[in-house]
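Tertiary structure, described
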2 protein chains.
Amino acid sequence: MGVPSTALFTDHYELTMLQAALKGGTAQRRSVFEVFTRRLPEGRRYGVVAGTGRVLDAVENLRFDADVLGFLRERRIVDEETLQWLAGYRFSGDVWGYPEGEVYFPGSPIMRVEGSFAECVLLETVILSILNHDSAIAAAASRMASAAGDRPLIEMGARRTHELAAVAAARAAYVGGFTSTSDLAAGFRYDIPTVGTSAHAFTLLHDRERDAFRAQVDSMGRGTTLLVDTYDVAEAVRTAVEVAGPELGAVRIDSGDLLLVAHRVRQQLDELGAHHTKIIVTSDLDEYAIASLAAAPVDAYGVGTQLVTGSGHPTCSMVYKLVARAESADPEAPLVPVAKKSSGGKTSVGGRKWAARRLDGDGIAEAEVVGTGTVPGELADRQLLVELVKGGELLDTAREPLDTVRDRHAAARAGLPLSATQLSRGEPVLPTEYVHEHPGSH
Amino acid sequence: MGVPSTALFTDHYELTMLQAALKGGTAQRRSVFEVFTRRLPEGRRYGVVAGTGRVLDAVENLRFDADVLGFLRERRIVDEETLQWLAGYRFSGDVWGYPEGEVYFPGSPIMRVEGSFAECVLLETVILSILNHDSAIAAAASRMASAAGDRPLIEMGARRTHELAAVAAARAAYVGGFTSTSDLAAGFRYDIPTVGTSAHAFTLLHDRERDAFRAQVDSMGRGTTLLVDTYDVAEAVRTAVEVAGPELGAVRIDSGDLLLVAHRVRQQLDELGAHHTKIIVTSDLDEYAIASLAAAPVDAYGVGTQLVTGSGHPTCSMVYKLVARAESADPEAPLVPVAKKSSGGKTSVGGRKWAARRLDGDGIAEAEVVGTGTVPGELADRQLLVELVKGGELLDTAREPLDTVRDRHAAARAGLPLSATQLSRGEPVLPTEYVHEHPGSH
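None of the values given here were measured: they were computed from a predicted structure. (Residues numbered from 1 in each chain as written. Chains lettered and ligands numbered in written order. Predicted model: local features only at pLDDT ≥ 70, side-chain atom pairs only at ≥ 80, totals over all residues. Heavy atoms only, no water.)

With an RMSD of 0.0 Å, the fit of chain A onto chain B corresponds to turning through 180° and sliding 0.0 Å along the axis. On the angle and the small slide along the axis, the relation comes out as a two-fold axis. Most of the interface of chain A is mirrored in chain B, where 99% of its interface residues again form contacts. (Least-squares fit on C-alpha atoms with pLDDT ≥ 70 in both. Contact = heavy atoms within 4.5 Å.)

Written out as structure tokens, the structure is:
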């Protein structure tokens, strides 16, 4: 793809900071960076952590090879000392994070990266790119999955986003509760089930709609899905059942008033004896349209544009901030909490944080508790951060099957108050409570 | 990364259509597909074609290698006959398109792909992914560039979008008029100038802001850009000039009321004798915020989130539709115009189209004229489609330097009526006129 490793998914300033820190003697100060967001997208009740698995791949593959070093040298982006340092780069620090699929709230420390300033500062952009993109898609997918209930959701938005963003979007959609994808690269890369049958072009290629249906059934079998809205829907449904018989797998409707058309098509299919033929709808759906079709005789939804664009929120506002660093380059030097303090609403809370989700008496989440220092005893077994990378080595438990992540998300969402799945705009469904470290508590 | 060619940036249904057409004997019918959009994003005055160069790369690299074929076989996505056909796949048709950087309007035939149905149907998703993503970013960039006037625009949105979408976004931003990018991969891949100096983390790493500034100036020279809003802006500006002297290159402000702060900082810099020190602002800018700073003493803008998310419109609604196909598989068979005809506003205009931009007496564009059949004589030298691929071979003129594309966009925008660059919502600045072929005109 033209970019040989993940090393250059990096902002120029990370390398200039590295150079200045190497020269100034601060590069080896132990540092703690945290990923968090100051707010959810407007009106959203919860966020969904997605992309963690891809972050781990990216950190593992972040190496400065000869091509990359040659580019940095030729462009004079950094000096020779820095190039030497980069040539030997391998992340040797620790990464903790919310497990993928978990929900999050404003202030949740979604990921924590700890090591020397030099090795951690390089990871900012690639970590944020992945988490901001994938979490935005997963959040939209999760809302759609809530709205769809037990009906399957097909991800089909590849054509509406960058060709590789599409692959990550299919992955994030699956985490959020989608069932399958149209994107073959997502099937290849992540083993997500792929589906697809035909487009209007296939019908138009033939002299008659009947010829197209027959060609498709001859090739794919009676269980296939026929697209019935190229010309007249009622005529197409009649022809479809004539050609495939009542064993026809499904019909797909891609335009018109889906509520009305789905009812008519269901009635027509039943009259034709095709009681088991399913109805799939696929036209500009979002979570609201899906919810509005809850009472319609629809068996599956295909979602494209609104999924891959995060249903109005194509990115999250996650940031990667230095929250603590050592007083000196001595590995034993104590950590000092740090935070930006200027005006403009961009202040952050300093210090290395823990997070726990407090439950009420019925076992339903009631608060996201974030603190520094000692974790209160009653929250000790409700902690959210898990260890992913230790001393540069990926833990065995860190790389998870996507189905595990998908199940975790479903469970996490089910553990939230019921208002979490209201589609209407509102506040985050859990408040974030900050617990400040007591002086001398460690 | 992990996807060995562009072959799988393809929706499952393209392969099932291929299989059914191969079996049914229609796969070799000569076909014409066109890319167009039925509407611009709401309120936008013009669209910007971007991604053409990437489409050409993708078509050239669309090969089904052993890994891909093995995946398709194992998953039983297509049958053995289709796998055989795919193994020898190489696009042998023709591609015409609006040259990259050109503007477009509803109905503009932005790209035309012609060949057998089989070879053209496979290209739908990858072509749309690229054009829909890149054109959305370029359109936002173009509006921002209009708003910024002569002041440089720095693209810095990598952290807000998928890591490879970010590279394409930096490219599209450059086409739309941006000057540079923070994304090193975009510098590597597309030779776009990269820039960057430091983040708040660098200041926080040091015991005092002064130490951070000194380390940066020692390493990068006095011409560097110091970030002055970690603690108190006025104090930071004073410290910055003390450390770097009046030769300080620039200061960057990343929070607060930028209009107010820029005026104060300019006054303070002037009082300190740093008359040539520039002011760069970078906080959540979009085209409206840029325009509102026109009278402020700002020297450059850094734009992130709103650029890579298309400033409210992260995708275009381009579609890839079969508009004509042969009556039979005979290579000499005449083409028949085809179009979807059902309800729901998704109808299209059939037939292979030409397009031309008609000018008024002052040489300003006054209409986008789209037609089938013979081009009227007065529009013959105003045609928009150019040949890119002929018989499967990329034309020498098709692959263009990005600066050529960027200049073309600036010229195309300058040729539109003045209202094109109004930021307020409105109708497309040119009407699209359809010229229907006269019966017997060819």
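Now for the packing of helix H2 (residues 52-60) of chain B against helix H6 (residues 124-148) of chain B. Residues and elements named next belong to chain B. Between H2 and H6, the least distance of the axes is 9 Å, while the angle of their chain directions is 160°. Of the possible angle classes, the one that applies to H2 and H6 is roughly antiparallel. Once H2 is placed against H6, the crossing between them reads as right-handed. Counting all contacts with H2, which are made through Thr 52, Arg 54, Val 55 and Ala 58, the residues of H6 involved are Val 126, Ile 127, Ile 130, Leu 131 and Asp 134. Taken together, the residues that form the contact of H2 with H6 break down as six nonpolar, one polar and two charged. (Axes fitted to C-alpha atoms, helices over the stretch in contact; angles between N-to-C directions. Helix = DSSP H or I, 4+ residues; strand = E, 2+ residues; numbered from the N terminus. Parallel < 35°, antiparallel > 145°, perpendicular 65-115°, else oblique. Left-handed = near helix turned anticlockwise from the far one by under 90°. Nonpolar A, V, L, I, M, F, W, Y, C, P; charged D, E, K, R; others polar.)

Glancing now at the sheet that holds strand S12 (residues 318-326) of chain A. Two pairing modes exist for strands in a sheet, parallel and antiparallel, and in both the strands are linked by backbone hydrogen bonds. Residues and elements named next belong to chain A. Reading across the sheet, the seven strands line up as S13-S12-S1-S5-S3-S16-S17 and stay open at both edges, with antiparallel pairing between neighbours. Two strands lie at the open edges of the sheet, namely strand S13 (335-337) and strand S17 (393-394), each paired on one side alone. Of the strand pairs in this sheet, strand S1 (residues 30-37) and strand S5 (residues 111-116) are connected by six bridges, and their pairing is antiparallel. Bridge assignment links Arg 30 to a residue of S5, and that residue is Ser 116. Packing against the sheet, helix H2 (residues 52-60) makes contact with S5, strand S16 (386-390) and S17, and its axis sits at approximately 15° to S16. Sitting on the sheet, helix H6 (residues 124-148) touches S1, S5 and S12, and the angle it makes with S12 is about 140°. (Pairing = 2+ DSSP bridges.)

Another aspect to go through is unusual backbone geometry. All names here are of chain A. Backbone geometry at Asp 191 places phi at a positive 60°, although glycine is not the residue there. When you line up the elements, Asp 191 lands in the loop between helix H8 (184-190) and helix H9 (200-205). Residue classification places Asp 191 among the exposed positions, given a relative accessible area of 57%. Positive phi, normally seen in glycine, also occurs at Asp 284, with a value near 50°. With a relative accessible area of 57%, Asp 284 lands in the exposed category. (Buried < 20%, exposed > 50% of the residue type's maximum accessible area, 1.4 Å probe, protein only.)

Under the counting rule described, the total for this entry stands at 59 salt bridges over all chains. Ionic pairing is found between Asp 211 of chain A and Arg 208 of chain A, a salt bridge with its closest N-O pair at 3.0 Å. Residue classification places Arg 208 of chain A among the partly exposed residues on the basis of a relative accessible area of 48%. Residue Glu 433 of chain B is joined to Arg 358 of chain B by a salt bridge in which the shortest nitrogen-to-oxygen separation is 2.8 Å. Placement of Glu 433 of chain B in strand S18 (residues 432-435) and of Arg 358 of chain B in strand S14 (residues 353-359) is noted, with a sequence separation of 75 residues between them. According to the relative accessible area criterion, Glu 433 of chain B is partly exposed, its value standing at 30%. (Salt bridge = Lys/Arg side-chain N within 4 Å of Asp/Glu carboxyl O.)

Take the interface of chain A and chain B next. Residue-level contacts link 103 residues of chain A with 102 residues of chain B. A per-residue breakdown of the area chain A buries against chain B is headed by Arg 159, Leu 184 and Phe 188 of chain A, which together make up 10% of the total. The interface formed by chain A and chain B includes 16 salt bridges. A salt bridge links Arg 29 of chain B to Asp 207 of chain A; the shortest N-O distance between them is 3.0 Å. Counting across the chain A and chain B interface gives 64 residue pairs in polar contact (both at pLDDT 80 or more). Ranked by residue count, the leading element in the side of chain A that touches chain B is helix H1 (residues 12-24) of chain A, at ten residues. (Buried area = accessible area lost by both parts, 1.4 Å probe. Polar contact = N/O pair within 3.5 Å; in protein donor to acceptor, adjacent residues only side chain to side chain.)

This next bit is on the packing of aromatic side chains. In this structure the tally under the stated criterion is eleven aromatic pairs over all chains. Pairing Phe 33 of chain A with Tyr 320 of chain A gives two aromatic rings, centres 4.7 Å apart and planes at 15°, and the pair type is stacked. Pair noted here: Phe 33 of chain A is in strand S1 and Tyr 320 of chain A is in strand S12, with a separation of 287 residues, a long-range link. Residue classification places Phe 33 of chain A among the buried positions, given a relative accessible area of 1%. Judged by centre distance (6.1 Å) and plane angle (35°), the ring pair of Phe 33 of chain B and Phe 117 of chain B falls under tilted. (Phe/Tyr/Trp six-rings, centres within 6.5 Å; stacked < 30°, edge-to-face > 60°.)

All right, on to the sheet that holds strand S7 (residues 180-181) of chain B then. Residues and elements named next belong to chain B. Strand order in this open sheet of six strands is S7-S6-S11-S10-S9-S8, and the pairing throughout is parallel. Looking at which strands have only one partner, the edges of the open sheet turn out to be S7 and strand S8 (225-227). Sheet topology note: the strand S6 (residues 153-155)/S7 ladder contains two bridges and is parallel. The residue of S7 that forms the bridge with Ile 154 is Ser 180.

Attention now goes to the side chain of Arg 112 of chain B. Residue and element names in this part refer to chain B. Within the secondary structure, Arg 112 sits in strand S5 (residues 111-116). Buried within the structure, Arg 112 lacks any salt-bridge partner; Glu 114 is the closest side chain of opposite charge, at an N-O distance of 4.2 Å. Separated by 2.7 Å, the side chain of Arg 112 and the backbone oxygen of Lys 353 make a polar contact. Apart from the residues within four sequence positions on either side, Arg 112 is in contact with Val 32, Phe 33, Glu 34, Asp 94, Val 95, Trp 96, Arg 352, Lys 353 and Leu 385. (Lys, Arg positive; Asp, Glu negative; His and termini not counted.)

This part is about the packing of helix H7 (residues 165-176) of chain B against helix H15 (residues 402-414) of chain B. A pair of packed helices is captured by two measures, namely the crossing angle of their axes and the spacing between those axes. All names here are of chain B. Between H7 and H15, whose axes approach to 7 Å, the crossing angle comes to 50°. As the angle between them shows, H7 and H15 are arranged oblique. Residues Arg 171, Tyr 174, Val 175 and Gly 176 of H7 lie in contact with H15, whose contacting residues are Leu 402, Asp 403, Val 405, Arg 406, His 409 and Arg 413. Considering only residue class, the contact of H7 with H15 consists of four nonpolar, two polar and four charged.

Many authors give the size of an interface as the accessible area that is lost as the parts come together. Domain boundaries in chain A define domain 1 (6-136 + 313-435) and domain 2 (197-298). Once you take the C-alpha centre of each, domain 1 of chain A and domain 2 of chain A turn out to be 46 Å apart. (Domains from an automatic or database assignment.)

Take the nonpolar core next. A general trend in soluble globular proteins is that nonpolar side chains are found buried together. With 160 residues, the main nonpolar core has Phe 64, Leu 72 and Val 113 of chain A together with Phe 64, Leu 72, Val 113 and Ile 127 of chain B as its most contacted residues. Apart from the residues within four sequence positions on either side, Phe 64 of chain A is in contact with Ala 7, Leu 69, Leu 72, Leu 86, Ala 87, Tyr 89 and Leu 122 of chain A. (Core = buried A, V, L, I, M, F, W, Y, C linked by side-chain atoms within 4.5 Å.)

It is worth spelling out helix H15 (residues 402-414) of chain A at this point. Residue and element names in this part refer to chain A. Look at H15: 18 Å from first C-alpha to last across 13 residues, which is about the 18 Å you get at 1.5 Å a residue. Taken together, the buried positions of H15 are occupied by Leu 402, Val 405, His 409, Ala 412 and Arg 413. Each buried residue of H15 sits inside an arc of 95° when the element is viewed along its axis, so together they form one side. Of the exposed residues in H15, the ones pointing more than 90 degrees away from its buried face are Asp 407, Ala 411 and Ala 414. In this structure, the buried residues of H15 make contact with strand S2 (47-48), strand S4 (103-104), H6, helix H7 (163-176) and H8. (Expected span 1.5 Å × (residues − 1). Arc of directions from axis to C-beta.)

So, about helix H10 (residues 209-220) of chain A. With twelve residues, H10 of chain A ought to run about 16 Å at 1.5 Å a step, and its terminal C-alpha atoms sit 16 Å apart, in line with that. Among the residues making up H10 of chain A, those that are buried are Glu 209, Ala 212, Phe 213, Ala 215, Gln 216, Val 217 and Ser 219 of chain A.

All names here are of chain B. With seven of eight residues buried, strand S15 (residues 365-372) is to be regarded as a mostly interior element. Two strands pair when backbone bridges link them, and S14 and S15 are joined in this way by seven bridges, in the antiparallel orientation. Across the sheet, Arg 357 pairs through a bridge with Glu 368, a residue of S15. Between S14 and S15, which follow one another and run antiparallel, lie five residues, and Gly 363 among them has a positive phi close to 85°. Of the strand pairs in this sheet, S15 and S18 are connected by four bridges, and their pairing is parallel. Looking at the pairing, Glu 368 lines up with Thr 432 of S18.

A few words now on the environment of Asp 330 of chain A. Structurally, the position occupied by Asp 330 of chain A is in the loop between S12 and S13. Among the polar contacts made by the side chain of Asp 330 of chain A, one reaches the main-chain amide nitrogen of Glu 332 of chain A at a distance of 2.7 Å.

Right, let's talk about the side chain of Glu 124 of chain A for a bit. Following the sequence through the fold, Glu 124 of chain A ends up in helix H6. Reaching out from Glu 124 of chain A, the side chain makes a polar contact with the side chain of Arg 159 of chain B at a distance of 2.8 Å. Not counting chain neighbours up to four residues away, the residues in contact with Glu 124 of chain A comprise Tyr 13, Glu 14 and Tyr 320 of chain A together with Arg 159 of chain B.

All names here are of chain B. Its place among the elements puts Ala 414 in helix H15. When its relative accessible area of 59% is taken as the criterion, Ala 414 is described as exposed. Sequence spacing of Ala 414 and Ala 296 is 118 residues, and the spatial spacing of their C-alpha atoms is 25 Å.

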